[in-house]
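Coordinate analysis (summary)
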Amino acid sequence: MGIRRTSSMKSMTSLNSYLKQVAASMLFWSICLGFFAIFRYLGIDRIPNIEVNGSISSLVLSNVIAMSVLGCVLGLVYATIDYFLDEHISKNLSLGAGLISKTIIYFIVTIGLLRLAQIIAQRKGMELNFEDGWLWWSKDERFIAILLYIMLCSFVFFLLKIALERFGKGVFVKILLGRYRTHKEEKRIFMFLDLKDSTSIAERLGHLKYSQFIQDCFHDLNRIVFKYEAEIYQYVGDEAVLTWTYAKGVMNNNCVELFFGFEQERQSRRDYYIEKYGVYPEFKAGLHGGALMVAEVGFVKKELAYHGDVINTSARIQAQCNNYNAALLISERLIEDINTEGHATSNFLGSVFLKGKKKEVKIHAVIP
């Protein structure tokens, strides 16, 4: 049977990822700046020695709309900056350095956009009551106030982004709402992704260089994880455990496409690996899906834990890769729900007894 895998799909998922990032950023910044207008003008008519022309509600509403529109523009620009930095620069920076560099860029861009708005307004005969020249912002207390507010909101946005990356899209909100304080049953797909010949590579490189080698591999993995709607559940040495909700995993063959996308990402940096480490990393993976339990565990280091046969079976299927000289193995239960049209093929290998299981499991090898 075939499994559809096209290069256009990868481009489409990349575009979708960017558009989702833009939409989230525009929503966040429009809300933030809308609230800024409320904080600034609501109740201003009650302050002594301040006169307000017209009703205070009209003043607040007009400023909320104007600031929300500005927030949409800033959100679009900031999201584009974030996307470019994440794709090309941030991988070489620490979290702190990345935060500082983005804040500086935000600062410069914000000044430029407001200066542009000032020039356009002046040409249309509008009076904004700002100082003239490019250093107007250093003399305007209103701008200093909004700048500090934007920096604070940026910090909150980065913290939310880190939390979403840590727990996965949708999971963070569910944790805040306490959904997993008690055990819940979910239907999910798990992939156990393991480095081939890890022992010999570790002996060859030494522990320091081997650690850098693994870090580079997982960095490549992280670059494509969100394109395929995956969540990283755990890193265990040279192995990564990924998971999807069942619906997202089978949609567009995400659970299978991620493996091929990871291969393409590493292939694009093959010369880098050979030059730096003298070896090109190859991975093997096992896929399985079904119902299992999920709950919050721990108090000091709280995290989500999954309990059930699905995880054990996925790990056991991955362990069969060496026996069949296969890179990607998938259970028949899961492959029945995968789209079966295209130029990648799956070969039925047979029924095998997996360690710890009494019943045989039918497995397939997926070949590009």
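Residues numbered from 1 in each chain as written. Predicted model: local features only at pLDDT ≥ 70, side-chain atom pairs only at ≥ 80, totals over all residues. Heavy atoms only, no water.

Bringing the environment of tyrosine 324 into the picture now. For tyrosine 324, the location among the structural elements is in helix 11 (residues 321–324). Distance from tyrosine 324 to leucine 349, taken between C-alpha atoms, is 8.3 Å for residues 25 residues apart in sequence. (Helix = DSSP H or I, 4+ residues; strand = E, 2+ residues; numbered from the N terminus.)

Quick look at the packing of aromatic side chains now. Counted under the stated rule, the structure contains 19 aromatic pairs. For the pair tyrosine 272 and tyrosine 273, a centre-to-centre distance of 5.6 Å together with 75 degrees between the ring planes defines the contact as edge-to-face. Accessibility expressed as a relative area gives 0% for tyrosine 273, which makes it buried. Here the guanidinium or amino end of arginine 266 rests over the ring plane of phenylalanine 262, the centre of that ring lying 4.4 Å away. (Phe/Tyr/Trp six-rings, centres within 6.5 Å; stacked < 30°, edge-to-face > 60°. Buried < 20%, exposed > 50% of the residue type's maximum accessible area, 1.4 Å probe, protein only. Lys NZ or Arg CZ within 6 Å of the ring centre and 35° of its normal.)

Right, let's get into the confidence of the model for the protein chain. The predicted model of the protein chain has a mean per-residue pLDDT of 80, with 79% of residues at 70 or higher. Predicted confidence for residues 2–7 stays below pLDDT 50, and this span has 31 contacts to residues more than four positions away or in other chains. (pLDDT = per-residue confidence, 0-100. Contact = heavy atoms within 4.5 Å.)

The next thing to look at is the packing of helix 6 (residues 198–225) against helix 8 (residues 254–267). When two helices pack together, their arrangement is given by the angle between their axes and by how far apart the axes lie. It is the contact of helix 6 with helix 8, at a shortest axis distance of 9 Å, that shows an interaxial angle of 125 degrees. Accordingly, the angle class assigned to the pair helix 6 and helix 8 is oblique. When the axes of helix 6 and helix 8 are compared, the crossing they make is right-handed. For the pair formed by helix 6 and helix 8, the contact residues are Cys217, Asp220, Leu221, Arg223, Ile224 and Val225 on the first element and Leu258, Gly261, Phe262, Glu265 and Arg266 on the second. By residue class, the composition of the contact of helix 6 with helix 8 is 6 nonpolar, 1 polar and 4 charged. (Axes fitted to C-alpha atoms, helices over the stretch in contact; angles between N-to-C directions. Parallel < 35°, antiparallel > 145°, perpendicular 65-115°, else oblique. Left-handed = near helix turned anticlockwise from the far one by under 90°. Nonpolar A, V, L, I, M, F, W, Y, C, P; charged D, E, K, R; others polar.)

On to the packing of helix 6 against helix 9 (residues 270–277). Closest axis-to-axis distance for the helix 6/helix 9 pair is 11 Å, and the angle between their directions is 170 degrees. Accordingly, the angle class assigned to the pair helix 6 and helix 9 is roughly antiparallel. Between helix 6, through Leu205, Lys209, Gln212, Phe213, Asp216, Cys217 and Asp220, and helix 9, the contact on the second element is made entirely by Tyr272, Tyr273, Lys276 and Tyr277. When grouped by side-chain class, the residues that make up the contact of helix 6 with helix 9 number 6 nonpolar, 1 polar and 4 charged.

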